[in-house]
Amino acid sequence: MTTDHQDTDTTTLDTDVLVVGAGPAGLMLATELRLGGAQVVVVDQRPGPTTESRASTLHARTMEILDSRGLLDELGTPPCEPRGHFGGVPLDLTLPGPYPGQWKVAQTRTEELLQRRAADLGADLWRRHQLLSLTVRDGAAGAAEGVEAETIGPYGPVRIRARYLVGCDGEDSTVRRLVRAPFPGQDARRELLRADVSGISVADRRFQRLRHGLAIAATRDGVTRVMVHEFGRPVAERGGGEPDFTEVTDVWKRVTGEDISQGTPLWVNAFGDANRQLARYRHGRVLFAGDAAHRQMPSGGQALNLGVQDAFNLGWKLAAVVRGSAPEELLDTYDTERRTVGRQVLANIRAQVELLLGGPEVEPARSLLTELLAVDGVRRHLAGMISGLGIRYDVGDAEDVEDAGGVGDVQEVGGLGGAAGGRGFGPDTALGAVGAGVDSGDTAAGHPLLGRRLPDAWLEPTDGGPRRRTTELLRTGRGLLLSLDGSRNGNGNGGGVLRAALEPWADRVAFVAGPPETGGPLPAGQALLVRPDGHVAWAGPRPDGLPEALTRWFGFPAAAG
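If you're wondering where the values come from, they're calculated on a predicted model, not measured in any experiment.

A. Main features of the pairing of strand 2 (residues 11–20). Where burial is concerned, most of strand 2 is hidden: nine out of the ten residues are buried. Pairing between strand 2 and strand 12 (residues 156–167): nine bridges, direction parallel. For L18, the partnering residue across the bridge sits in strand 12 and is L165. Relative to strand 3 (residues 40–44), strand 2 runs parallel, the two being bridged by four bridges. Bridging across to strand 3, L18 finds its partner in V41. In this view, the connection linking strand 2 to its parallel neighbour strand 3 by way of helix 1 (residues 24–35) has right-handed handedness.

B. Examining the sheet that holds strand 4 (residues 57–59) more closely. The strand order across the open sheet built from three strands is 4-8-5, with neighbouring strands paired in antiparallel fashion. Because the sheet does not close on itself, it has two edges, and the strands there are strand 4 and strand 5 (80–81). Of the pairings in the sheet, the one linking strand 4 to strand 8 (residues 102–104) comprises three bridges and is antiparallel in character. Residue L58 lies in a different strand from strand 8, and its bridge partner there is W103. The strands that helix 2 (residues 60–68) touches are strand 4 and strand 8; relative to strand 4, the one it contacts most, it runs at about 80 degrees.

C. Up close: the sheet that holds strand 13 (residues 185–186). Taken together, three strands build an open sheet; the order of strands is 13-19-22 and the sheet is antiparallel. The open sheet terminates on both sides in strands that have one partner only, identified here as strand 13 and strand 22 (294–295). Sheet topology note: the strand 19 (residues 275–277)/strand 22 ladder contains two bridges and is antiparallel. Residue R276 lies in a different strand from strand 22, and its bridge partner there is R295.

D. Broad picture of the pattern of salt bridges. For the structure shown, the criterion picks out 44 salt bridges. Its salt-bridge partner being R127, residue D44 comes within 3.7 Å of it at the nearest N-O pair. Of this pair, D44 sits in strand 3 while R127 sits in strand 9 (residues 124–127), and the two are 83 residues apart along the sequence. In this structure, D44 and R127 share a single accessibility class: buried.

E. Fine view of helix 9 (residues 376–387). Here helix 9 is twelve residues long and its end C-alpha atoms lie 16 Å apart, about the 16 Å a rise of 1.5 Å per residue gives. The element helix 9 is largely enclosed, with a buried count of ten among its twelve residues. Phi turns positive, to about 85 degrees, at G388, one or two residues after helix 9.

F. Quick look at the nonpolar core. In terms of nonpolar packing, the biggest core is built from 118 residues, with L528 and L529 touching the most fellow members. Not counting residues within four places of it along the chain, the set of residues in contact with L528 comprises H447, L449, L454, L480, L481, L482, L484, L522, P523, V536, W538 and A539. With 17 residues, the next largest nonpolar core counts I200, A215, A217 and V248 among its residues.

G. A look at the packing of aromatic side chains. Evaluation of the coordinates by the stated rule reveals three aromatic pairs. With a centroid separation of 6.0 Å and an interplanar angle of 80 degrees, the aromatic rings of Y99 and W103 are classed as edge-to-face. Given the relative accessible area of 15%, Y99 is considered buried. Measuring from centroid to centroid gives 6.2 Å for W316 and F554, while their planes differ by 35 degrees, and the two rings are tilted. With W316 in helix 6 (residues 302–323) and F554 in helix 12 (residues 546–554), this pair connects stretches of sequence that are 238 residues apart. Residue W316 is classed as buried on the basis of its relative accessible area, which comes to 7%. When the ring centre of Y164 is taken as reference, the NZ or CZ atom of R285 above it lies at 4.7 Å. Above the plane of the ring of W553 lies R531, whose end atom (NZ or CZ) is 4.6 Å from the centre.

H. Up close: the packing of helix 1 against helix 6. Their axes nearest at 8 Å, the elements helix 1 and helix 6 cross at an angle of 25 degrees. Between helix 1 and helix 6, the angle falls in the class roughly parallel. Relative to helix 6, helix 1 is oriented so that their crossing is right-handed. Between helix 1 and helix 6, the residues in contact are P24, A25, M28, L29, E32 and L33 and L304, G307, V308, A311, F312, L314, G315, W316, L318 and A319, respectively. Here the contact of helix 1 with helix 6 is composed, by residue class, of 13 nonpolar, two polar and one charged.

I. The arrangement of helix 6 in detail. Counted at 1.5 Å a residue, the expected span for helix 6 with its 22 residues is 32 Å, and the 32 Å between its end C-alpha atoms agrees. Along its length, helix 6 reaches its greatest deviation from straightness, about 30 degrees, at L314. With respect to burial, helix 6 is a largely interior element, 21 of its 22 residues being buried. The positive-phi residue at the C-terminal boundary of helix 6 is G324, with phi of around 90 degrees.

J. Region of interest: the packing of helix 6 against helix 7 (residues 330–357). Remark: helix 6 packs on helix 7, axes separated minimally by 9 Å, with the N-to-C direction vectors making an angle of 175 degrees. The angle between helix 6 and helix 7 falls in the class roughly antiparallel. Taken together, the residues of helix 7 that come into contact with helix 6 (itself represented by Q302, L306, Q309, D310, N313, L314, W316, K317, L318, A320 and V321) are L330, L331, T333, Y334, E337, R338, V341, G342, V345, N348, I349 and Q352. A per-class count over the contact of helix 6 with helix 7 returns twelve nonpolar, seven polar and four charged.

K. Fine view of the confidence of the model for the protein chain. Here the protein chain averages 88 in pLDDT, and 86% of its residues register 70 or above. The low-confidence segment residues 426–445 (pLDDT under 50) makes 52 contacts with residues lying over four places distant or belonging to another chain.

L. Highlighting unusual backbone geometry. Of note in the backbone geometry, R180 takes a positive phi value of approximately 60 degrees without being a glycine. Note that R180 resides in the loop between helix 4 (174–179) and strand 13. What makes R180 exposed here is its relative accessible area of 74%. Residues other than glycine seldom take positive phi values, yet D221 does so here, at roughly 55 degrees. Looking at where D221 falls in the secondary structure, it is placed in the loop between strand 16 (213–220) and strand 17 (223–230).

M. Geometry of the pairing of strand 16. Taken together, the three bridges between strand 15 (residues 205–209) and strand 16 define a ladder with antiparallel strand orientation. Pairing of Q208 across the sheet is with A215, part of strand 16. The hairpin turn running from strand 15 into strand 16, its antiparallel successor, is three residues long. Judged from the eight bridges that link them, strand 16 and strand 17 form a sheet pairing that is antiparallel. Residue G213 lies in a different strand from strand 17, and its bridge partner there is E230. Here strand 16 folds back onto strand 17 in antiparallel fashion, the turn holding two residues, of which D221 has a positive phi close to 55 degrees.

Criteria and cut-off values
Residues numbered from 1 in each chain as written. Predicted model: local features only at pLDDT ≥ 70, side-chain atom pairs only at ≥ 80, totals over all residues. Heavy atoms only, no water. Buried < 20%, exposed > 50% of the residue type's maximum accessible area, 1.4 Å probe, protein only. Helix = DSSP H or I, 4+ residues; strand = E, 2+ residues; numbered from the N terminus. Pairing = 2+ DSSP bridges. Right-handed = clockwise from strand over helix to strand, strands pointing away. Contact = heavy atoms within 4.5 Å. Axes fitted to C-alpha atoms, helices over the stretch in contact; angles between N-to-C directions. Salt bridge = Lys/Arg side-chain N within 4 Å of Asp/Glu carboxyl O. Expected span 1.5 Å × (residues − 1). Core = buried A, V, L, I, M, F, W, Y, C linked by side-chain atoms within 4.5 Å. Phe/Tyr/Trp six-rings, centres within 6.5 Å; stacked < 30°, edge-to-face > 60°. Lys NZ or Arg CZ within 6 Å of the ring centre and 35° of its normal. Parallel < 35°, antiparallel > 145°, perpendicular 65-115°, else oblique. Left-handed = near helix turned anticlockwise from the far one by under 90°. Nonpolar A, V, L, I, M, F, W, Y, C, P; charged D, E, K, R; others polar. Bend = angle between axes of the 7 residues up to and from the residue. pLDDT = per-residue confidence, 0-100.

Structure below.
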């Protein structure tokens, strides 16, 4: 980043990427951009990480992401609850992997953690700065292409010139408004009132449906969070403000018959069932992630996790484009992959809202869902959606695998097949051994791991070396080519050919060889190309198709010599 003062009033900054918004998505993105070698400036109106008691759940995939960047140690051991819900119907979220269930981490801690890492990596964070305007430069008249943003902060105006801008500024995104990005969907028709209250004593309630509405209550450390919806009550008009505590206590009393008005409110808000998604996540040199790209009721704790996972998908791609090692078209895969996942998450949230906030008319559907969740394939499918472990991106065809039977149990990667085209979430296609449930008509189904996240697994030691864990191998932020051929140097069973094929991309992709643990989820005798976000981009026992996959995901090969 460079700074100059073109006049006495305005500070001008030059950077590779400007991120607007320092919530979990924006801070995760800044971390990934710096890890990938891009200069980044983050601006946010707030003076620091949120002090409000907002999202408090990290799902299994987000925990894996944080682990893959070495961030979990700072969190200690947060409380874990294996049971979640789908529309208020209890749902066992446990799936194979290191972090089954949902982990209770206050959003404040998540933001503090990501802010420290972003700062340690060299991200430049400007707080108390409000975005006023932005201009996209198209390169006309010899000017450099990019984005110019005007902000105002405590020391006056700041002009920031960047090659790309990413809006991570929440559901009421200023960037989205300035770009006039189409944001189709529906406005809120129903809402939940929420308050954190001290000085009250009420029984814990887990999605208790009463005659007049829904009531939820949970007490931790002397503070009780209450949430309430009154059946048939529309969204209140508050002029864009939050409800007052009296409104919460009145609705709570009508629904439960209890008086909590003697308590002290620490935080009060309301969230509705608005459901909107950008028609495109990329608008040339302006991109969107997190709640700026999609607006939804945070049912099942999915909103924060969806945003962090957006950023994790985008960061390494945008850094590669900025570095010049990959073409701009790589950014289109961000839009394709994450908009598909977002659409499917918003669809499951719409279904949950009907089950959760609907009146007596939804009871038959709730009863049926309860019965269906006793079928483990149904349970795992929904758990994969909520946890993020069921995501499968369309990364293209892999070489047909001659012996897929050595992979292990697909349940290790969530037990969830791909949707049409191998993207997003799909039906449970493999209830038994790997290979048995793979649909040969799916273009991404040439290998059970293709498009999925790399399983957390161990590579056995060879030549007296230590065991190595796949998740830890991702911590550099580079890609991986895993040669699972049983030799430490990777020269056995075709490993030397793989290493030679990788050589033009060796500055971006690390070569790791070794035998997988016996009975584990990794395919012995084969090789896997893994993107920096941990998703498998190519798989096979021979290097056929490997150079094409390397070019698609890691850009141009380095010049020889």
